[in-house]
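# Architecture at a glance
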Amino acid sequence: MMSVDNAVSDVASATKKFFKRVLPIMLVMLVCNQLNRSNIGYAQDHLQADVGIGAAAYGFGAGLFFIAYAIFELPSNVMMEKYGAKVWLARIMVSWGIVSFLMAFVQNETMFYVLRFLLGAAEAGFFPAVIFYFARWVPAGQRGKATAIFIAGSSIAAALSGPIAGMLLSLHGALGLRGWQWLFGFEGALSVVVGFTVFFLLDAKINDAKWLTASEKDALSKAIADEDAQHTTTDGGKINRWKMLLNPQILLLCGIYFSVQLSIYANTFWLPSIIKQIPGTTDLTVGFLSSIPWICAVFAMYFAAKLQDKATSKRPLLVVALLVAAVGTFAAAIASPVMALVFLAIAAMGFKSASPLFWTIPQSGLHPLVLAPAIAIINSLGNLGGFVAPFGFGIIKEQTGSVIPGLFALAAASTIAAGLVYFVKERRTETEPAAAEDLSVEAPVPSRA
């Protein structure tokens, strides 16, 4: 029987190996995810010129992704629990890669709509599957760190997507293909290759990991099992995903996350269009300039994480992040194109920092079996902001010729979300009573510490 000290040491060693070996794989997957989500933002003008897809049609097609994502998020979560996170993550990547590759052959608006919808259906369940995988491999004390690093990786991925898109668009004419065909074809094929590779690199269970010693496997498996055992209930209740949809706290979290997603995806899909208003820009320079807000966001998220580690409550930090997003977006709406880029960088520091701060709240104390469906619900409904933002901006631009009214709306949404944060219940420390009972319905919940 292993000593307590040896067990703690083995758990720490196993977790450290996970961060070094597995987390980078997850980040590569996230980069592919971001590339395939955001590439239409850089191809927008080219699709309009070559295929005849106008601003409103573009916005609607960009948003259809999130309608499909919301519809298929819960079913995908159920299938993930059945087949395991490893198999399901590989399936998701290969599926979205194939659909993205087919975007290189889009001929009209209808085909554009269908492929965007299929892309959302293919990708649905990606984020909950990653979180569920973390819950099966990482002890609770380190799970928030893993999630924060993963979410922070989205900003790095967004920063990379611009320069990569710019370079691929610059291949216009090579092998008789247009630049936007290179963009969709290459990034889609890359995701397929990475998806198959992930299947062979990831391990389904702790005991399958050859990179862990026998003692590390035993200690980590026991630590995860002990945490699960502490959270069991005596009534043996089952998870009712549909009833969870009516839970006030979950609906409140959905509303806040909806606002965060509004800002993220308005910028994801329309930032290149805003930057093109700067005189003298090309596809390549737009790609590189588009990375500036996301690079700024990476540094902001790093310092926000440092503050988060010391804070007993995450709510004040989340409020500040949302207000920074609101101020930056409002200032961008009334500034010149060059200064608008500066203020959008400030806004990105706010709304991207808000995302990991937000997820610490629903994640702080939920049983792993509740965690995946709860996050699936929040993620799917909140991600509808990804439909409203690009579609709304598309209509606004087609009707007014400008996205400025949309920026005012984003600033208002972030301000309202900041006010809603104070109605959210959270567990401040590991020794205080958990608010998890308010975040799950007919589901196992953690015992009070």
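Source: prediction; values computed, not measured.

## Description of the overall build of the chain
- For the chain, the helix and strand inventory stands at 18 helices and zero strands.
- Across the 449 residues in the chain, those meeting the buried criterion constitute 57%.
- The long-range share in the chain, meaning contacts at least 24 apart out of those at least 6 apart in sequence, stands at 83%.

## Remarks on the side chain of S273
- By secondary structure assignment, the location of S273 is in helix α11 (residues 248-275).
- In this structure S273 comes out as buried when scored by relative accessible area, which is 10%.
- Side-chain polar atoms of S273 contact the side chain of K397, separated by 2.8 Å.
- Each residue touching S273, except ones within four places of it in the same chain, is listed here: Q44 and K397.

## With respect to the nonpolar core
- By size, the foremost hydrophobic cluster in this structure holds 127 residues, and its most contacted members are F18, M26, L47, F126, F134 and W137.
- Here the element with the most residues in this core is α11; it accounts for 16 residues.
- Setting aside residues no more than four positions away along its own chain, F134 makes contact with F18, L23, M26, R143, A146, T147 and F150.

## Notes on the pattern of salt bridges
- Evaluated as defined, the whole model comprises five salt bridges.
- Between E123 and R37 there is a salt bridge, with the nearest N and O atoms lying 2.6 Å from each other. Pair noted here: E123 is in helix α5 (residues 109-123) and R37 is in helix α2 (residues 23-51), with a separation of 86 residues, a long-range link. R37 matches E123 in its accessibility class, with the two residues each being buried.
- Residue D50 is joined to R178 by a salt bridge in which the shortest nitrogen-to-oxygen separation is 3.3 Å. On the criterion of sequence distance, the pair formed by D50 in helix α2 and R178 in the loop between α7 (140-169) and α8 (179-201) is long-range, its members being 128 residues apart.
- On the basis of relative accessible area, D50 is assigned to the partly exposed category, the value being 38%.

## Looking at the environment of F299
- Assignment of secondary structure puts F299 in helix α13 (residues 291-310).
- Along the primary structure F299 and S353 are separated by 54 residues, whereas in three dimensions their C-alpha atoms are 9.4 Å apart.

## Considerations on a nonpolar patch on the surface
- Taken together, the side chains of V320, V324, M339, V342, I346 and M349 present a nonpolar region at the surface, about 430 Å² in accessible area.
- Those elements giving two or more residues to the nonpolar patch turn out to be α14 (315-333) and α15 (337-363).
- Here the nonpolar patch takes four residues from α15, the largest share from any one element.
- Looking at the element boundaries, I346 is found in helix α15.

## Focus: α11
- For α11, spanning 28 residues, the distance from its first C-alpha to its last is 40 Å, which sits close to the expected 40 Å at 1.5 Å a residue.
- At F269, α11 shows its largest bend, some 50°, and a proline, P272, comes one to four positions later.
- Within α11, 24 of the 28 residues are buried, which leaves the element mostly enclosed by the surrounding structure.

## Comments concerning the environment of F288
- Mapped onto the elements of the fold, F288 is located in helix α12 (residues 283-289).
- You can call F288 partly exposed: its relative accessible area is 42%.
- In the structure, F288 is positioned 122 residues away from G166 in sequence and 7.3 Å away in space, judged by C-alpha atoms.
- Those residues in contact with F288 that sit more than four places away from it in its chain are G162 and P163.

## A short note on helix α4 (residues 85-102)
- The end-to-end C-alpha distance of α4, which contains 18 residues, comes to 26 Å, matching closely the 26 Å that a straight helix rising 1.5 Å per residue would cover.
- Every buried residue of α4 is accounted for by A85, K86, W88, L89, A90, I92, M93, V94, W96, G97, V99 and S100.
- Contact partners of the buried residues in α4: α2, α3 (55-83), α5, α6 (126-137) and α8.

## Re the confidence of the model for the chain
- Put simply, the chain has an average pLDDT of 82, and 88% of its residues get 70 or more.
- Mean pLDDT across the elements of the chain ranges from a minimum in helix α10 (residues 241-244), with 64, to a maximum in α5, with 93.
- Below a pLDDT of 50 lies the segment residues 429-449, which in the model reaches 59 contacts outside its immediate sequence neighbourhood of four places, other chains included.

## Examining the side chain of S76
- Structurally, S76 can be placed in helix α3.
- Accessibility expressed as a relative area gives 5% for S76, which makes it buried.

## Concerning the packing of aromatic side chains
- Counted by the stated rule, this structure contains 29 aromatic pairs.
- Considering the side-chain rings of F60 and F387, the 6.2 Å spacing of their centres and the 75° angle between planes classify their relative orientation as edge-to-face. One end of the pair, F60, is in helix α3; the other, F387, is in helix α17 (residues 385-400), and 327 residues separate them in sequence.
- Judged by relative accessible area, F387 falls into the buried class, the value being 16%.
- Within the aromatic cluster, the residues linked to one another by ring pairs are F18, F19, W96, F126, F127, Y133, F134, W137, F150 and W211.
- A cation over a ring is seen here: K86 above F199, with NZ or CZ 4.8 Å from the ring centre.

## Describing the packing of α3 against α4
- Where α3 contacts α4, the axes come no closer than 7 Å and their chain directions differ by 130°. As far as their axial angle goes, α4 and α3 are oblique. Of the residues in α4, those touching α3 at S76, M79, M80 and Y83 are A85, V87, W88, R91 and I92.

Definitions and cut-offs
- Residues numbered from 1 in each chain as written.
- Predicted model: local features only at pLDDT ≥ 70, side-chain atom pairs only at ≥ 80, totals over all residues.
- Heavy atoms only, no water.
- Helix = DSSP H or I, 4+ residues; strand = E, 2+ residues; numbered from the N terminus.
- Buried < 20%, exposed > 50% of the residue type's maximum accessible area, 1.4 Å probe, protein only.
- Contact = heavy atoms within 4.5 Å.
- Polar contact = N/O pair within 3.5 Å; in protein donor to acceptor, adjacent residues only side chain to side chain.
- Core = buried A, V, L, I, M, F, W, Y, C linked by side-chain atoms within 4.5 Å.
- Salt bridge = Lys/Arg side-chain N within 4 Å of Asp/Glu carboxyl O.
- Patch = residues over 30% accessible without salt bridge, like charges linked within 9 Å, V, L, I, M, F, W, Y side chains within 5 Å.
- Areas by Shrake-Rupley, 256 points an atom, 1.4 Å probe, with all protein chains shown as cover.
- Expected span 1.5 Å × (residues − 1).
- Bend = angle between axes of the 7 residues up to and from the residue.
- pLDDT = per-residue confidence, 0-100.
- Phe/Tyr/Trp six-rings, centres within 6.5 Å; stacked < 30°, edge-to-face > 60°.
- Lys NZ or Arg CZ within 6 Å of the ring centre and 35° of its normal.
- Axes fitted to C-alpha atoms, helices over the stretch in contact; angles between N-to-C directions.
- Parallel < 35°, antiparallel > 145°, perpendicular 65-115°, else oblique.

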